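Survey of secondary and tertiary structure
Residue strings, one per chain:
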Amino acid sequence: MKYGMLWEMQLGPRPWPANAEANHYWDAIEQAKLAEQVGFDYLWHVEHHFLTEYSHASSPEVWLSAVAQHTERIRIGHGVVLLPPKFNPSFHVAERIAALDVMSNGRVEFGTGRAATASELEAYGIDPADARGMWQEALQEIPKMWRDEPYPGFDGTYMKLPSREVWPKPIQRPGPPMWMAASSPESFEIAGRNGLGVLAFIIGHADNLTPLIEVYRDAIKQCPKPPEEINNQIAAYVLTHVADSREEARAVGGPAVEWYTENVFKLFSTVSGKPGYEIYAKMLPENAADIERLVEKYGNAIDPLIELGVISVGTPEECRKTIESFSSIDVDQIITSHAIGGISHEKVMRSIELFGNEVIPHVRASSAVSA
């Protein structure tokens, strides 16, 4: 199993100290360098717009290009690029992902999505009902832009693209591995049918992933693409804070992950029930109800989130238990987030160091024994 780390350029709740935004970007580079040193395999950076406090990450390719110059081995994950062409014209996506692959010496992972908040979709004039169709058209055309000379053009429902020579070409052939953000049985099936890896940015215990994984593995068997174009991988996402003591981990990481999960529900509920996002109207209330039930059981909000597998907060020994619950099922990568909710750079660095040195080696060893 591989390990990744995700940055959302999350400043956390106001007030912020002076130069907080600039410092956060440069601190993230130091965190990425440390992640590579302690054994992480992937770094991921999202694309979001207008999500004050939650994500100041509107131009991921800029930071990813910079961090590629400070690292040598770790994979460079653009996860995810918003593919509806009103966000990012497809020619531009093909060009910048290829350029990033060149600048990272062939280390790019290309994650895709359609956006999941009303503020982003509405600002760019995108009807939620059209977002998936836009994503699908862009998804099928971008690999052709990397492959064909010239690209033959496309006349679709959402895009009318002329024939053009598209440059540069990526180092990886036929192109960087492609992924899709997924959270429902429908999206896991769509990812499989399209031969895409799954970025499972969902809230829930590892056990909840098992039936979704089965849907995905069954669907990807039916994908008509040649094997070299299929990325048969699933990555699971876990909010993480590791500290030297249980008390410190909960004092620092607890408020951060509570703030994070509260904002996730608030932001992503804005598209709940809209055409193309109907599943959110079912998933979000169910997840909230699970958390509320466990809050009553434990009398606090941290233990329920740990039990649900939403977070991995504690000492290295405690965090291993959560990570091992994912390593015991059919996932290929665990993605953790450490720079969340305004946690200081120093505490984030210590969390990364402890996770890399005291969690990854032990879980990898136990996974190998189980296999």
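Whatever comes next refers back to the structure up there.
To keep things clear, this report deals only with the structure shown in the data block. The written sequence of each chain sets the order in which its residues are numbered from 1. Note on the predicted model: pLDDT of at least 70 is required for a residue's local features to be given, and 80 or more for side-chain atom pairs to be given and counted; whole-chain, interface and lining totals, by contrast, use all residues. Computation of side-chain values: all heavy atoms of the structure, hydrogens and water removed.

Helix numbering and strand numbering both begin at the N terminus, where a helix is a DSSP run of H or I of at least 4 residues and a strand a DSSP run of E of at least 2. If you tally the helices and strands in the protein, you get 12 helices and 11 strands. Taken against the 2.2 N^0.38 rule, which gives 21 Å for 371 residues, the C-alpha radius of gyration of the protein at 20 Å falls within 12% of a compact globule. Counting only C-alpha atoms, the protein reaches 60 × 50 × 45 Å along its principal axes. Taking all 371 residues of the protein together, 57% fall into the buried category. Between the centroid of the 32 positive side chains of the protein and the centroid of its 50 negative side chains there is a distance of 3 Å. C-alpha atoms define the radius of gyration, and 2.2 Å times the number of residues to the power 0.38 defines the globule rule. Summary of the burial criterion: residues with accessible area below 20% of their type's maximum are buried, those above 50% are exposed, and those between are partly exposed, where the area comes from a 1.4 Å probe applied to protein chains only. Here the positive residues are Lys and Arg and the negative ones are Asp and Glu; neither His nor the chain ends is included. To locate a charge, the coordinates of NZ of Lys, CZ of Arg, CG of Asp or CD of Glu are taken.

What follows concerns the nonpolar core. Among buried residues, the Ala, Val, Leu, Ile, Met, Phe, Trp, Tyr and Cys ones that are joined through side-chain atoms within 4.5 Å form a nonpolar core. Residues Phe40, Trp63 and Leu209 are the most contacted members of the largest nonpolar core, which totals 118 residues. Considering each element in turn, this core owes the most residues, 9 residues, to helix H8 (residues 246-268). Once you skip the residues sitting within four places of it in the chain, Trp63 turns out to touch Trp7, Met9, Tyr25, Ala28, Ile29, Ala32, Leu43 and His45. The contact definition used throughout considers only heavy atoms, calling two residues in contact when any of these lie within 4.5 Å.

The subject of this paragraph is a nonpolar patch on the surface. Any residue with relative accessible area above 30% and no salt bridge may belong to a patch, with like charges joined within 9 Å and the nonpolar Val, Leu, Ile, Met, Phe, Trp and Tyr side chains within 5 Å. Surface accessibility in these figures is a Shrake-Rupley result with a 1.4 Å probe; residues are shielded only by whichever protein chains are displayed. Just to be clear on terms, a salt bridge is a Lys or Arg side-chain nitrogen sitting within 4 Å of an Asp or Glu carboxyl oxygen. A cluster of nonpolar residues, Val102, Met103 and Ile171, forms a patch on the protein surface that exposes about 240 Å² of accessible area. Here Ile171 is to be found in the loop between strand E6 (160-161) and strand E7 (178-181). Exposure remark for Ile171: the relative accessible area of 45% places this residue in the partly exposed category.

Okay, the packing of aromatic side chains next. The geometry of two aromatic rings is summed up by the distance between their centres and the angle between their planes. In this analysis, rings of Phe, Tyr and Trp, with Trp reduced to its six-membered ring, are considered paired at centre separations within 6.5 Å, and the interplanar angle assigns stacked below 30 degrees, edge-to-face beyond 60, and tilted for intermediate values. The final tally for this structure, using the stated rule, is 12 aromatic pairs. Here the aromatic rings of Tyr42 and Trp44 are separated by 6.1 Å at their centres, their planes lie at 10°, and the arrangement is stacked. Take Tyr42: its relative accessible area is 8%, and that puts it in the buried class. When the ring of Phe87 is compared with that of Tyr124, the centres are 4.7 Å apart and the planes differ by 50°; the resulting orientation is tilted.

Here we come to helix H3 (residues 90-103). In this model, H3 (14 residues) spans 20 Å end to end at C-alpha, consistent with the 20 Å of a helix rising 1.5 Å per residue. On its buried side, H3 packs onto helix H2 (60-68), strand E3 (75-82), strand E4 (108-113), helix H5 (128-147) and E6. Asn105, located one to two residues past H3, shows a positive phi value of around 60°. Expected span of a helix, by definition, is 1.5 Å for each gap between consecutive residues, and there is one gap fewer than residues.

Taken as a whole and assessed by the stated rule, the structure comprises 17 salt bridges. Taking the shortest distance from any N to any O, the salt bridge between Lys33 and Glu30 comes out at 3.3 Å. Of this pair, Lys33 and Glu30 both sit in helix H1 (residues 20-37), 3 residues apart, which is roughly one turn of the helix. On the basis of relative accessible area, Lys33 is assigned to the partly exposed category, the value being 24%. Looking at Glu30, the relative accessible area reads 34%, which means it is partly exposed. We note a salt bridge from Arg75 to Glu109, for which the minimum N-O separation is 2.7 Å. Of this pair, Arg75 sits in strand E3 while Glu109 sits in strand E4, and the two are 34 residues apart along the sequence. A residue is classified by how much of its surface remains accessible, and Glu109, at 3% relative accessible area, is buried. Salt bridges sharing partners connect three or more residues here, namely Glu47, Glu61 and Arg96.

Turning our attention to the pairing of strand E1 (residues 2-7). Burial within E1 is extensive, with 5 of its 6 residues counted as buried. Of the pairings in the sheet, the one linking E1 to strand E11 (residues 333-337) comprises 4 bridges and is parallel in character. The residue bridging Lys2 from the neighbouring strand is Gln333, located in E11. For two strands to be treated as a pair, DSSP must find no fewer than two bridges joining them. Sheet analysis places E1 next to strand E2 (residues 42-45), joined by 4 bridges and oriented parallel.

Right, let's talk about unusual backbone geometry for a bit. For the peptide bond that leads from Gly79 to Val80, omega is 5°, which places it in the cis range. Its place among the elements puts Val80 in strand E3. Residues Arg173 and Pro174 are joined by a peptide bond in cis, for which omega reads 10°. Topologically, Pro174 is positioned in the loop between E6 and E7. Within the chain, Asn19 stands out as a residue other than glycine whose phi angle is a positive 60°. In this structure, Asn19 sits in the loop between E1 and H1. Exposure remark for Asn19: the relative accessible area of 58% places this residue in the exposed category. Here Phe50, not a glycine, exhibits a phi torsion of approximately 70°, which is positive.

For a regular strand, side-chain orientation follows a simple rule: the groups alternate between the two sheet faces. Among the 9 residues in strand E9 (residues 234-242), 9 count as buried, and that is most of the element. Neither face of E9 is open: one carries Ile234, Ala236, Val238, Thr240 and Val242, the other Ala235, Tyr237, Leu239 and His241, and all of them are buried. As paired strands, strand E8 (residues 197-200) and E9 are joined by 3 bridges and run parallel to one another. If you follow Leu199 over to E9, its bridge partner there is Ala235. Summarising the sheet, E9 and E11 pair through 5 bridges and their orientation is parallel. For Tyr237, the partnering residue across the bridge sits in E11 and is Ile335.

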